[in-house]
Amino acid sequence: MSVRTLFIGMDGATFTVLDDLTRAANGGEPVMPFLSRVFAEGTRAKLRSTPNPLTPPAWVSLMTGRGPGHHGVYDFIRAEERGDEVYFTLYDSRDCRVETIWSMASRQGKRVCALNFPFTAPPPSELNGFIVPGFIPWRHLRRNSYPDDIYERLKSIPEFDPQELAWDFEREKQSGDELSDEDRESWVRYHLPRERQWFKVAQYIMHEEQPDLMAVLFDGVDKLQHQAWPYVDPNLQHGELSGFHQRMRELSLSYYRQLDGFIEQLVTAAGPNVQVFFASDHGFTASTEVVRINAYLAEKGYVHFRELPEGDAGKRRDNSYFAFLDWNKTIAYCRTPSCNGITIRVARKPGETGIDPKDYDKVRNRLIRDLEDLKDPQTGERIITEIYTREEVFPGSAMGDAPDLQMVLRDFGFVSVRNIQPVVQKRNYVIGTHHPDGVFMAWGPGIEAGKVLGKRHITDVTSTLLYSLGLPVPSDLEGKVPTAMFTAEYQAKHPLKIGEPTRSGDKGDRGETMDDEEKQQLMAQLQMLGYME
Amino acid sequence: MSSLKKNTPIDTVIAVAGDITQDWGLDPGMKLGPETLLAADLEFTSIDIIQFCVALDQAYGRRFGFQDLLMKEGSYIGDVSLGQFADFIDSRLQAQGAPA
């Protein structure tokens, strides 16, 4: 038995950078020679992300073949409106309302392995394979890995270090901050050993277990690009470059060089018959300005900020990830910097805070006009270039949890929810932010060589991996198999089959069927997150 | 996690806490008991508390509403002991007539 399908996730990978790093520079070898070979011998396409191109909704869409309107994961933070209070907690795998590819493949007899993927914790109670989750602090990695003994087994890997491998919440909060030069360099260096740890784990499981579907996510691409974008974007490598810039570029390139080597070793270890797929959850671009959306909504009368407590508590609150608002007066607001959405507060019963339900359309239309009116005073250009209603971009049974409006900023940046003026401010230096177009690549037997396809959608990845595994594609998946990625001969031997719909398992439609006990549990989590602050 | 469920809530809570913290590098001489405090003794942060509650839910295969334990009159309590968790679980189980 050998690995049939190898999936390599590269969080935030973009052709803007990869095209540059796969080209031979100054007559020498490319920074990523193996990926250069994949480009030449495989097929690739841009991959359109979810409406908010963010890790949680995008990776969950990639893993389920469904949009956020169906799977229900919109952000890192989940919130519940409770009249004069709003509670926040973290999303986890139990919040995903639809079946994942790990489950689809597993229940059809395929052995799977998922390493470092977000929202795979807590793991399912039954799986034919292995999960070591991403985005989990090291102190909880063992308990959230599947099966029970896998964590102990990983300790046999030379130099295995769970603290180096796992997510450090405090450190990751820096990704969107403006850091000193020293801290930025330290940030990039921090991600080099992390990727090596995940590579070693992947190598170990491939060698020991040979799963049919082997999947590993390298998330350092995203983390590095947030802080090191000025040093990796080929469009920003002109003119006189400082010594620090050159040192940071070389350090960043060493990350990609190392990643290329890991990929080559994994592909080689998988054997000559493996089909390899690569995808990112979104692309990357430059963010040049800060947009303080709640400060703008306050000017327009939608948001009322709460006064910060004195001392350290106030400082912690001001630096926290959530909007700190007067819920008795606020009628529309942005919850978190990552959501890029606006939530309208609708009163569920008379006397409760929020707008009257019958005023919803009127308020939302006025809000859209006000958001359109936020313009660059110098050029007259709109700061928010696209504004979508949730019916437009999040259709599905989980739409009720979506923001009422989804925004796209002119530089694709993420908003700030803090109470600071001015509303729009140029950044002191360019940072990386998420672009909606990521990457999708395939390589191996049966894959067309040297082909570039038109843009695909992130939900296509699940369908494609199932097809590669020889499994039918469930009829209710939104994603389609890009058949042009595969040779005619391969398609003739492996005709595409559309099969039974996915299974919802025991999750159901949480928004409509949650009983009191479940609500109590949810509230406990929400309130405990407040405890964090 | 289901194997961590013991005959009594306090034994289960201690087993879950012991399982979670087994490789945290805490004082190996520390004995977990009803008086053990999550933050002061076991160095729990808020994320650890969330994970602890999830682990207890998983041990019992049900969902408890731990906010009633962790919040008093709208404020978060400063710290909480394993015994308080056990008492809370016991009260919830008894209220629903379920075996501990």
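In the block above lies the structure referred to throughout.
Computed from a predicted model, the values in this text were never measured in an experiment.

Procedures and definitions
- Residues numbered from 1 in each chain as written.
- Chains lettered and ligands numbered in written order.
- Predicted model: local features only at pLDDT ≥ 70, side-chain atom pairs only at ≥ 80, totals over all residues.
- Heavy atoms only, no water.
- Helix = DSSP H or I, 4+ residues; strand = E, 2+ residues; numbered from the N terminus.
- Buried < 20%, exposed > 50% of the residue type's maximum accessible area, 1.4 Å probe, protein only.
- Contact = heavy atoms within 4.5 Å.
- Areas by Shrake-Rupley, 256 points an atom, 1.4 Å probe, with all protein chains shown as cover.
- Pairing = 2+ DSSP bridges.
- Polar contact = N/O pair within 3.5 Å; in protein donor to acceptor, adjacent residues only side chain to side chain.
- Salt bridge = Lys/Arg side-chain N within 4 Å of Asp/Glu carboxyl O.
- Phe/Tyr/Trp six-rings, centres within 6.5 Å; stacked < 30°, edge-to-face > 60°.
- Lys NZ or Arg CZ within 6 Å of the ring centre and 35° of its normal.
- Expected span 1.5 Å × (residues − 1).
- Axes fitted to C-alpha atoms, helices over the stretch in contact; angles between N-to-C directions.
- Parallel < 35°, antiparallel > 145°, perpendicular 65-115°, else oblique.
- Left-handed = near helix turned anticlockwise from the far one by under 90°.
- Nonpolar A, V, L, I, M, F, W, Y, C, P; charged D, E, K, R; others polar.

Caption draft 1: Structural view of the overall build of chain A. Secondary structure assignment for chain A yields 19 helices and 19 strands. Considering chain A as a whole, with its 533 residues, one finds that 60% of them fall into the buried category. A separation threshold of at least 6 residues defines the contact pool for chain A, and within that pool the share at least 24 residues apart is 72%. Looking at chain A as shown, the accessible area adds up to about 21000 Å², and 47% of this sits on carbon and sulfur atoms.

Caption draft 2: Molecular detail of the sheet that holds strand β12 (residues 384–389) of chain A. Residues and elements named next belong to chain A. Taken in spatial order, the four strands of this open sheet run β10-β11-β13-β12, and their pairing is antiparallel. The two strands at the open ends of the sheet, each matched to only one other strand, are β10 (332–333) and β12. Across two bridges, the pairing between strand β11 (residues 341–344) and strand β13 (residues 405–409) is antiparallel. Note that in β13 the partner of I342 across the bridge is L405.

Caption draft 3: Just the side chain of T462 of chain A, in detail. All names here are of chain A. In this fold, T462 is placed in helix α16 (residues 460–468). A distance of 2.6 Å separates a polar side-chain atom of T462 from the backbone oxygen of L62. If sequence neighbours within four positions are ignored, T462 has contacts with S61, L62, M63, T64, G65, I101, M104 and L477.

Caption draft 4: Structural view of the pattern of salt bridges. A full pass over the atoms with the stated rule returns 38 salt bridges over all chains. Note that R142 of chain A is salt-bridged to D19 of chain B, the shortest N-O span being 3.3 Å. Of this pair, R142 of chain A sits in the loop between β6 (129–132) and α6 (150–154) while D19 of chain B sits in helix α1 (residues 9–21), each in a different chain. Using a relative accessible area of 11% as the deciding quantity, one classes R142 of chain A as buried. What makes D19 of chain B buried here is its relative accessible area of 16%. With a shortest N-O distance of 3.3 Å, D23 of chain B and R142 of chain A are connected by a salt bridge. Residue D23 of chain B is found in the loop between α1 and α2 (46–60), and its partner R142 of chain A is found in the loop between β6 and α6; the two belong to separate chains.

Caption draft 5: Seen up close, the environment of H494 of chain A. All names here are of chain A. Along the chain, H494 falls in the loop between α17 (488–493) and β19 (498–499). Counting along the chain gives 27 residues from H494 to Y467, while the straight-line C-alpha distance between them is 8.4 Å. With residues near it in sequence (within four places) discarded, H494 still touches R4 and Y467.

Caption draft 6: Layout of the packing of aromatic side chains. Scanning all chains against the criterion turns up 24 aromatic pairs over all chains. Between the aromatic rings of W229 of chain A and F284 of chain A, the centroid separation amounts to 5.7 Å while the plane-to-plane angle is 35 degrees, which identifies the pairing as tilted. Placement of W229 of chain A in helix α10 (residues 220–232) and of F284 of chain A in strand β9 (residues 283–291) is noted, with a sequence separation of 55 residues between them. W229 of chain A sits in the buried class, given a relative accessible area of 1%. With a centroid separation of 4.8 Å and an interplanar angle of 70 degrees, the aromatic rings of W327 of chain A and Y333 of chain A are classed as edge-to-face. An identical accessibility class is assigned to W327 of chain A and Y333 of chain A; each is buried. Taken together, the ring pairs connect W24, F44, F52, Y60, F64, F66, F85 and F88 of chain B into an aromatic cluster. Positioned above the aromatic ring of F15 of chain A, the side-chain terminus of R44 of chain A is 5.1 Å from the ring centre. Sitting over the ring of F39 of chain A, R44 of chain A keeps its end group 4.1 Å from the ring centre.

Caption draft 7: Region of the structure containing α2 of chain B. Across its 15 residues, α2 of chain B extends 22 Å between first and last C-alpha, which sits within 8% of the 21 Å expected from 1.5 Å per residue. Where α2 of chain B terminates, the next one or two residues include G61 of chain B, which has phi positive at roughly 65 degrees.

Caption draft 8: Layout of the environment of R189 of chain A. Residue and element names in this part refer to chain A. Note that R189 resides in helix α9 (residues 181–209). Its relative accessible area of 44% is what places R189 among the partly exposed residues. Note: C-alpha distance between R189 and T55 (134 residues apart in sequence) is 22 Å.

Caption draft 9: Examining the packing of α9 of chain A against α10 of chain A more closely. Residue and element names in this part refer to chain A. One can describe the packing of α9 onto α10 by two numbers: an axis separation of 10 Å at closest approach and a directional angle of 150 degrees. Classed by the angle they form, the pair α9 and α10 counts as roughly antiparallel. For α9 against α10, the interelement crossing comes out left-handed. On the side of α9, the interface is formed by R184, W187, V188, H191 and E195, while α10 contributes G220, V221, K223, L224, Q227, A228, P230 and Y231. In the contact of α9 with α10, the residues fall into seven nonpolar, three polar and three charged.

Caption draft 10: Quick peek at the packing of α10 of chain A against helix α11 (residues 243–270) of chain A. Residue and element names in this part refer to chain A. One can describe the packing of α10 onto α11 by two numbers: an axis separation of 9 Å at closest approach and a directional angle of 150 degrees. Relative to α11, the crossing made by α10 is left-handed. On the side of α10, the interface is formed by G220, V221, L224, Q225, A228, P230, Y231 and V232, while α11 contributes F244, H245, M248, R249, S252, Y255, Y256 and L259. Across the contact of α10 with α11, the residue classes break down as 11 nonpolar, four polar and one charged.

Caption draft 11: Broad picture of the environment of L70 of chain B. Looking at the secondary structure, you find L70 of chain B in helix α3 (residues 67–70). Each C-alpha atom of the pair L70 of chain B and D41 of chain B lies 17 Å from the other, and the pair is 29 residues apart in sequence.

Caption draft 12: Broad picture of the pairing of strand β1 (residues 5–10) of chain A. Residues and elements named next belong to chain A. Of all six residues in β1, six are buried, a share of seventy percent or more. Alternating residues of β1 divide into T5, F7 and G9 and L6, I8 and M10, and every residue in both groups is buried. Here β1 runs beside strand β8 (residues 275–279); their pairing, made up of five bridges, is parallel. Of the residues in β8, the one forming a bridge with I8 is F278.

Caption draft 13: Geometry of the pairing of β13 of chain A. Residue and element names in this part refer to chain A. Burial analysis of β13 places five of its five residues in the buried class, the great majority of the element. Here β13 shows a buried face lined by L405, M407 and L409 and a second buried face lined by Q406 and V408. In terms of strand pairing, β12 meets β13 through five bridges, oriented antiparallel. Pairing of I387 across the sheet is with M407, part of β13.

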